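What the coordinates show
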Amino acid sequence: DTGVSQDPRHKITKRGQNVTFRCDPISEHNRLYWYRQTLGQGPEFLTYFQNEAQLEKSRLLSDRFSAERPKGSFSTLEIQRTEQGDSAMYLCASSLGGVAGYTFGSGTRLTVV
Amino acid sequence: KQEVTQIPAALSVPEGENLVLNCSFTDSAIYNLQWFRQDPGKGLTSLLLIQSSQREQTSGRLNASLDKSSGRSTLYIAASQPGDSATYLCAVRPGDDKIIFGKGTRLHILP
């Protein structure tokens, strides 16, 4: 068990470009979550999957954001036409659901210039 | 709507002191509460998970308590060390879905 892995660790992109992040959860965890964290704030929920089904999306997740979890394994989060306000740390977590705790990855720091 | 508040927002204490971080939540109907540590620019490391039926959990110098009826949890750190300097985040799980975070307490242990 290598924990939750996120790639890349850092991404700098120009405004208007598309970016994609990847998350590999703990293999036996059926739940996968995406959060966003800006400086000085706690993480804010974006979306989550149970296996391959996307069960909830936050209103923070505008139509420029899309997340997938094909085959219920790794997940990708894509941001189209990036804006400076998208600059943040994007965190992925996995869980067994129910009363189990969450395990977070190291995050992907996005900087939009 | 569940809201999580952490007080204080920042705290500086001399090395060796015992300290308490506070977390409050507005709705007592929770599955569990989890404390995390976050170093600058890093991800979150789970410290302690308290189920709704439990009153406290301990790990080394850390002790977390939960009082569901009053909507409060505390994280007690004994004999603080400079390596404890980090942001500590409290998160509650209101149901069988997402967890909701507070804004965290930034802790600085002075050598």
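That block above? That's the structure.
Computed from a prediction, not measured in an experiment: that's the story for all the values here. (Residues numbered from 1 in each chain as written. Chains lettered and ligands numbered in written order. Predicted model: local features only at pLDDT ≥ 70, side-chain atom pairs only at ≥ 80, totals over all residues. Heavy atoms only, no water.)

1. What about the overall build of chain B?
Keep this limit in mind: Put simply, DSSP H or I for four residues or longer makes a helix, DSSP E for two residues or longer makes a strand, and each gets a number counted from the N terminus. For every residue, the accessible area (1.4 Å probe, protein chains only) is compared with the maximum for its type, and the residue is labelled buried under 20%, exposed over 50%, or partly exposed between those bounds. By definition, residues are in contact when any of their heavy atoms lie within 4.5 Å. Per-residue accessibility takes into account occlusion by the displayed protein chains alone, with areas from the Shrake-Rupley method and a 1.4 Å probe. Only four residue types enter the charge count, namely Lys and Arg as positive and Asp and Glu as negative; His and the chain termini do not. By convention, the point assigned to a charge is CZ for Arg, NZ for Lys, CD for Glu and CG for Asp.
Secondary structure assignment for chain B yields 0 helices and 11 strands. The helix and strand sequence of chain B, counted from the amino end, reads β-β-β-β-β-β-β-β-β-β-β. With the principal axes as the frame, chain B shows a C-alpha extent of 40 × 25 × 20 Å. Counting the 111 residues in chain B, one finds 44% classified as buried. In chain B, the proportion of contacts linking residues at least 24 apart, taken out of those at least 6 apart, comes to 53%. On chain B, roughly 5200 Å² of surface is accessible, and the fraction owed to carbon and sulfur atoms is 48%. A distance of 4 Å separates the average location of the 11 positive side-chain charges in chain B from that of its 10 negative side-chain charges.

2. Here's the deal with the sheet that holds strand β6 (residues 56-59) of chain B
Residues and elements named next belong to chain B. This is how the line gets drawn: Note on pairing: DSSP must find at least two bridges between two strands before they are called paired. Between N-to-C directions, angles cover 0 to 180 degrees, with each direction set by a line fitted to C-alpha atoms, over the stretch in contact for helices.
Judged by pairing direction, the sheet is antiparallel, and its 5 strands sit side by side in the order β1-β3-β8-β7-β6 without closing on themselves. Here the strands that pair on one side only, and so sit at the sheet edges, are β1 (4-7) and β6. The average undirected angle you get between the axes of adjacent strands in this sheet is 15°. Where strand β7 (residues 62-67) meets strand β8 (residues 72-77), 6 bridges bridge the pair, whose relative direction is antiparallel.

3. Let's talk about the interface of chain A and chain B
It is common to give the size of an interface as the accessible area lost on bringing the parts into contact. In plain terms, the rule: Each of two parts loses accessible area, computed with a 1.4 Å probe, when they are put together; buried area is these two losses added. One speaks of a salt bridge when a side-chain nitrogen belonging to Lys or Arg is within 4 Å of a carboxyl oxygen belonging to Asp or Glu.
On the side of chain B, 21 residues touch chain A, which itself brings 25 residues to the contact. When chain A packs against chain B, the two sides together hide about 1700 Å² of surface, and 48% of this comes from carbon and sulfur. By the criterion of area lost to chain B, the three top residues of chain A are V99, Y102 and F104 of chain A, representing 27% of everything that side buries. There are 1 salt bridge connecting chain A and chain B.

4. Quick look at the side chain of D86 of chain A
Residue and element names in this part refer to chain A. What counts here: Here a polar contact means two N or O atoms within 3.5 Å. Within protein one must be a hydrogen donor candidate and the other an acceptor candidate, and residues neighboring in sequence count only if both atoms are side-chain atoms.
Here D86 is to be found in the loop between β8 (75-79) and β9 (88-95). Among the polar contacts listed, one links the side chain of D86 to the backbone nitrogen of E83, at a separation of 2.8 Å. Excluding its chain neighbours within four sequence positions, the residues that come into contact with D86 are R36, R64, F65, I79, L110 and V112.

5. Notes on the pairing of β8 of chain A
All names here are of chain A. Taking burial as the measure, the 5 residues of β8 include 4 buried ones, the bulk of the element. One ladder, built from 5 bridges, connects strand β3 (residues 19-24) with β8; its direction is antiparallel. Its bridge partner being in β8, R22 is matched across the sheet by T76. Two elements, strand β7 (residues 65-68) and β8, share 4 bridges in a ladder whose sense is antiparallel. In the sheet register, A67 faces β8, and the bridge partner there is L77. Joining the antiparallel neighbours β7 and β8 is a turn of 6 residues, in which K71 adopts a positive phi near 65°.

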